[in-house]
Amino acid sequence: MTTHEVALPSYLEQSPEVRDRFRRIAERPVVLKVNRLGKTFDGVKERIQALRDISFQVRRREFISVIGPSGCGKSTLIRILAGLEEQTAGEILLDDREVTGPGRDRGMVFQGYTLFPWLTVLKNVMFGLELSGATNGIVGVSAEQEARGWIEMVGLEAFADAYPHELSGGMKQRVAIARALANRPRILLMDEPFGALDAQTRCKMQSYLLQIWKNVDVTIIFITHDLDEAIYLSDRIVVLKANPGEVQEVIEVPVEHPRTPEQFLSREFLAVKKRLEELIHPSKEAADMLPIIRMTQVDDDVY
């Protein structure tokens, strides 16, 4: 079944429960403001504008996904938010303070497995706490105690003494999430964290992430290229266009909470997916046709 085979409501339609949820979200304080952000790179022949005039706000404990076609600057955007790259225009305000570099107020989870292979799960999660000498202001709590709490949160207490090579891909990413959360950041930035996982593990990780988010005071900005993943996880979706990367639309996801896999086939879910497809692949048929030269002579075609 495709999004075009059923009669779908408008993606703007919301049930009373969903409208009430967004009303309550709107009452929360704004934690992140992105104002007219731009990024330009020096190319071989000319300057390349990767991002232009990006503006949006994120409220406390929102789950925001950023999605768009290849080359729209999703990863560049999140690296700037993390302080790993510098913008060439605009500003980022976290709790009304300008972001000028990396900080403990932002945690980052990458697509690749970034654990230290020579450290155990426990030592990986403890690393940032020991480096900063902080245990988040909790009197009488050691870095090890704090780390063990986060390892338990992601369900890996039985693997605290294991090394990364002894873990599956999904387990490694759960350790990376625990390590990022151990410093109790205001915002968790995730750059396609499940992109390298197989489909079954990816579904499990999506469920784990929603459970963690429900129980932790953290705001999440999540980069993905997967439409289903963006809808399933998010409160709102920021849709970028490419060349240069600009905000096309910010969509409020009208799918009720708590989220379940059964909602993937709901009319509300499919309505949002249809809208995302319209924005990201506006002329899919033309884009999918390659200028291929016939390299073989046969009497019958493969289709």
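Residues numbered from 1 in each chain as written. Predicted model: local features only at pLDDT ≥ 70, side-chain atom pairs only at ≥ 80, totals over all residues. Heavy atoms only, no water.

A. Looking closely at the overall build of the protein. Each helix and strand counted, the protein has nine helices and 10 strands in total. In the protein, once contacts between residues fewer than 6 apart in sequence are set aside, the share between residues at least 24 apart is 72%. Of the accessible surface of the protein, which amounts to about 16100 Å², a share of 51% is contributed by carbon and sulfur atoms. (Helix = DSSP H or I, 4+ residues; strand = E, 2+ residues; numbered from the N terminus. Contact = heavy atoms within 4.5 Å. Areas by Shrake-Rupley, 256 points an atom, 1.4 Å probe, with all protein chains shown as cover.)

B. Layout of the layout of surface pockets. Taken as a whole, the largest pocket encloses approximately 520 Å³ of empty space. What lines the largest pocket is a set of 21 residues, among which Arg106, Gly107, Met108, Ala180 and Asn183 lie closest to the centre. Counted by class, the lining of the largest pocket contains 12 nonpolar, six polar and three charged residues. Its boundaries defined by the atoms lining it, the second largest pocket holds a volume of some 380 Å³. Forming the walls of the second largest pocket are 13 residues, and the residues nearest its centre are Leu210, Trp213, Lys214, His257 and Pro258. For the lining of the second largest pocket, the secondary-structure elements that each account for two or more residues are helix 1 (16-26) and helix 6 (199-215). (1 Å grid on protein atoms, 1.4 Å probe; cavity = no way out; pocket = protein on both sides within 12 Å on 5 of 7 lines; lining within 4 Å. Points joined across faces, edges and corners; volume = space filled by probe spheres on them. Nonpolar A, V, L, I, M, F, W, Y, C, P; charged D, E, K, R; others polar.)

C. Inspection of the sheet that holds strand 8 (residues 219-223) at higher detail. Spatially, the six strands line up as an open sheet ordered 6-7-8-3-9-10, and their pairing is mixed. Strands with a single pairing partner mark the edges of an open sheet, and in this sheet they are strand 6 (106-109) and strand 10 (246-252). Ignoring strand direction, the axes of neighbouring strands in this sheet form an average angle of 20 degrees. Most of the contacts of helix 8 (residues 267-280) go to strand 10, to which it runs at about 175 degrees, and overall it touches strand 3 (63-67), strand 9 (236-241) and strand 10. (Pairing = 2+ DSSP bridges. Axes fitted to C-alpha atoms, helices over the stretch in contact; angles between N-to-C directions.)

D. Structural context of the pairing of strand 1 (residues 30-42). Here strand 1 runs beside strand 2 (residues 47-59); their pairing, made up of nine bridges, is antiparallel. Its bridge partner lying in strand 2, Lys39 is registered against Leu51. Remark: four residues form the turn of the hairpin made by strand 1 and strand 2, two consecutive strands paired antiparallel. Judged from the five bridges that link them, strand 1 and strand 4 (residues 89-94) form a sheet pairing that is antiparallel. Of the residues in strand 4, the one forming a bridge with Leu32 is Leu94.

E. Highlighting the environment of Arg60. Relative to the elements of secondary structure, Arg60 occurs in the loop between strand 2 and strand 3. Arg60 sits in the partly exposed class, given a relative accessible area of 31%. Considering only alpha carbons, one finds Arg60 and Pro29, 31 residues apart in sequence, at a separation of 5.9 Å. Once you skip the residues sitting within four places of it in the chain, Arg60 turns out to touch Arg28, Pro29, Val31, Asp217 and Thr219. Among the polar contacts listed, one links the side chain of Arg60 to the side chain of Asp217, at a separation of 3.3 Å. (Buried < 20%, exposed > 50% of the residue type's maximum accessible area, 1.4 Å probe, protein only. Polar contact = N/O pair within 3.5 Å; in protein donor to acceptor, adjacent residues only side chain to side chain.)

F. Layout of unusual backbone geometry. Between Asn243 and Pro244 the backbone carries a cis peptide bond, its omega angle lying at -5 degrees. You can see Pro244 is positioned in the loop between strand 9 and strand 10. A cis amide bond links His257 to the next residue, Pro258, at an omega of 0 degrees. You can see Pro258 is positioned in the loop between strand 10 and helix 8. In this model, Arg36 sits at a positive phi of 50 degrees, which is unusual for a non-glycine residue. Looking at where Arg36 falls in the secondary structure, it is placed in strand 1. Residue class for Arg36 comes out exposed when judged on its relative accessible area of 59%. At Arg184, a position not held by glycine, the phi torsion is positive, near 50 degrees. Relative to the assigned elements, Arg184 resides in the loop between helix 5 (169-182) and strand 7 (187-191). For Arg184, a relative accessible area of 44% corresponds to the partly exposed category.

G. How the structure looks around helix 8. Taking 1.5 Å per residue as the helical rise, helix 8 with its 14 residues ought to reach 20 Å, and the 20 Å between its terminal C-alpha atoms agrees with that figure. Buried within helix 8 we find Phe269, Leu270, Ala271, Val272, Leu276, Leu279 and Ile280. Where the residues of helix 8 are buried, they touch strand 3, helix 7 (227-233), strand 9 and strand 10. (Expected span 1.5 Å × (residues − 1).)

H. How the structure looks around helix 3 (residues 121-132). Restricting attention to buried positions, one finds in helix 3 the residues Val121, Leu122, Asn124, Val125, Met126, Gly128 and Leu129. Of the surrounding secondary structure, the elements contacted by the buried residues of helix 3 are helix 4 (143-153) and helix 5. Immediately downstream of helix 3, the backbone of Gly133 shows phi near 65 degrees, a positive value.

I. Just the packing of helix 5 against helix 6, in detail. Closest axis-to-axis distance for the helix 5/helix 6 pair is 10 Å, and the angle between their directions is 25 degrees. As judged from the angle between their axes, helix 5 and helix 6 are roughly parallel. Crossing hand, helix 5 versus helix 6: right-handed. Contacts between helix 5 and helix 6 involve Gly170, Gln173, Arg174, Ile177 and Leu181 from the first element and Thr201, Met205, Tyr208, Leu209 and Ile212 from the second. Along the lines of polarity and charge, the residues of the contact of helix 5 with helix 6 split into six nonpolar, three polar and one charged. (Parallel < 35°, antiparallel > 145°, perpendicular 65-115°, else oblique. Left-handed = near helix turned anticlockwise from the far one by under 90°.)

In short, shape yes, function no, at least from these values alone.
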